[in-house]
Amino acid sequence: MPSSPCPPISDADWPEEIPDLREGFAGALNVYRTMAHHPALLRAWAPLRQHVVKENALGPELTEVVILRAGLRMGSAYEWAHHVSRALALGFSEHRITAIRGTPEGVDGLIVNAVDALFDERMLAKEQEAELAEAIGRKAVIDLIAMVGFYYSVLGYLLKTYDTPIDDTIQQEAQKQPELFSLMPRSTRAAN
């Protein structure tokens, strides 16, 4: 397989335009080390990332439900594995994470259905948006739409186009629970 034209940038080759980002979030993950091939984009990405990932109206747990489902729908092994790790760190059970592959109950189910609607229909139906807004609030619905439509879709395209490798720490964690961390576990492949 040919090597990626945009592999994660090493510290030694880090762009001189964005030295401050190397020590923060961007230097910590391969996805941003890949994006660093375009320093101006990575610089512009930083404040959006802060809102979408850290300061959105969904809160940490529901954010992970959105990201896991978006990663699954994008077919992004990188996003799935990284956010399984984050979900576990937040206290998600293996059952809750596995349920996100299908249609879970309750608010998680509403979110999974919303993510699917955004991928399939490119919108939420009026009734669906109203039910979701009632459950999580309208600002959270708008954050969900932005998270799926802009942020995690772009990251998924970038990761898949440049075949960005899953970070070593996540790979090590995944070796302990390969079925949970796999985008397509053996049990799912066998059923297809």
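Right above here is the structure, for reference.
So, a few notes on the structure that sits alongside this text. Residue numbers run consecutively from 1 along every chain, following the written order of its sequence. Residues qualify for local features only when their pLDDT is at least 70, as the model is predicted, and side-chain atom pairs are given and counted only at 80 or more; totals for whole chains, interfaces and linings, by contrast, use all residues. Note that water and hydrogens are dropped before the side-chain values are worked out from all heavy atoms of the structure.

Residues are called lining when one of their atoms sits within 4 Å of a cavity or pocket point, these points coming from a 1 Å grid over the protein atoms alone, where a cavity is a set in which a 1.4 Å probe fits but cannot get out and a pocket is an open set with protein on both sides within 12 Å along at least five of seven lines. Grid points are joined across faces, edges and corners, and a volume is the space filled by probe spheres set on the points. Approximately 170 Å³ is the volume found for the largest pocket. Forming the boundary of the largest pocket are Val53, Lys54, Asn56, Gly59, Pro60, Thr63, Glu64, Arg86 and Leu90. For the lining of the largest pocket, the secondary structure elements donating two or more residues are α4 (39-54) and α5 (59-74). In DSSP terms, a helix is any run of H or I states spanning at least four residues, a strand is any run of E spanning at least two, and both are numbered starting from the N terminus. In terms of residues, the lining of the largest pocket owes the most to one element, α5, which gives 4 residues. Note that Gly is not counted as nonpolar here; it falls among the polar residues with everything else outside the nonpolar set of Ala, Val, Leu, Ile, Met, Phe, Trp, Tyr, Cys and Pro and the charged set of Asp, Glu, Lys and Arg. For the lining of the largest pocket, the class distribution of residues is 3 nonpolar, 3 polar and 3 charged.

In this structure, Ala87 sits in helix α6 (residues 77-89). Per-residue accessibility, obtained with a 1.4 Å probe over protein chains only, is compared with the maximum for each type, and a residue is labelled buried under 20%, exposed over 50%, and partly exposed between these values. What makes Ala87 buried here is its relative accessible area of 0%. Taking the C-alpha atoms as reference, Ala87 lies 20 Å from Ala26; in sequence the two are 61 residues apart.

Looking now at the packing of α4 against helix α10 (residues 138-161). Here α4 crosses α10 at 130 degrees, and the two axes come no closer than 11 Å. One finds that α4 runs oblique with respect to α10. The crossing of α4 and α10 is left-handed. Seen from α4, the contacting residues are Trp45, Leu48, Arg49, His51, Val52 and Val53; seen from α10, they are Asp143, Met147, Phe150, Tyr151, Tyr152, Val154 and Leu155. Considering only residue class, the contact of α4 with α10 consists of 10 nonpolar, 1 polar and 2 charged. Axis definition: a line fitted to C-alpha atoms, over the contacting stretch in the case of helices. Angles run 0 to 180 degrees between N-to-C directions. Roughly parallel means an angle under 35 degrees; roughly antiparallel means over 145; roughly perpendicular covers 65 to 115; every other angle is labelled oblique. Handedness of each helix crossing follows the sense of rotation of the near helix against the far helix: counterclockwise by less than a right angle gives left-handed, clockwise gives right-handed. A contact between two residues is defined here by any heavy atoms of the two lying within 4.5 Å.

Glancing now at the packing of aromatic side chains. Aromatic contacts are taken between Phe, Tyr and Trp rings whose centres are within 6.5 Å, Trp giving its six-membered ring; a plane angle under 30 degrees counts as stacked, one over 60 as edge-to-face, and the others as tilted. One pass over the structure, following the stated rule, counts 2 aromatic pairs. Relative to Tyr32, the ring of Phe25 lies with its centre 4.9 Å away and its plane at 80 degrees, an arrangement referred to as edge-to-face. For Phe25, a relative accessible area of 17% corresponds to the buried category. Of the residues examined, Tyr32 reaches a relative accessible area of 4% and is grouped as buried. Over the ring of Phe92 we find Arg96, and its NZ or CZ is 4.0 Å from the ring centre. Comment: the charge-over-ring label is applied if NZ (Lys) or CZ (Arg) is within 6 Å of the ring centre and within 35 degrees of the ring normal.

What follows deals with helix α9 (residues 126-136). Looking only at α9, the buried set comprises Glu129, Leu132, Ala133 and Ile136. Here the buried residues of α9 occupy an arc of 100 degrees about the axis, which is enough to place them on one side. Among the exposed residues of α9, those pointing more than 90 degrees away from its buried face are Glu127 and Glu134. Turning to α9, the residues buried within the fold contact α5, α8 (106-121) and α10. One or two positions beyond α9, positive phi appears at Gly137, with a value near 100 degrees. The reported arc concerns the directions from the helix axis to the C-beta atoms and nothing else.

As a further point, take the nonpolar core. Each nonpolar core is a collection of buried residues, namely Ala, Val, Leu, Ile, Met, Phe, Trp, Tyr and Cys, held together in the definition by side-chain atoms within 4.5 Å. Counting residues in hydrophobic clusters, the biggest one holds 59 residues, and the most contacted among them are Tyr32, Leu42, Leu144 and Tyr152. Ranked by residues supplied to this core, first place goes to α10 with 10 residues.

A word on the environment of Arg138. Along the chain, Arg138 turns up in helix α10. Arg138 gets classed as partly exposed once you look at its relative accessible area, which sits at 47%. The sequence separation of Arg138 and Val31 amounts to 107 residues, and the corresponding C-alpha distance is 30 Å. Ignoring anything within four residues of it in the chain, the contact list for Arg138 reads Glu129 and Ala133.

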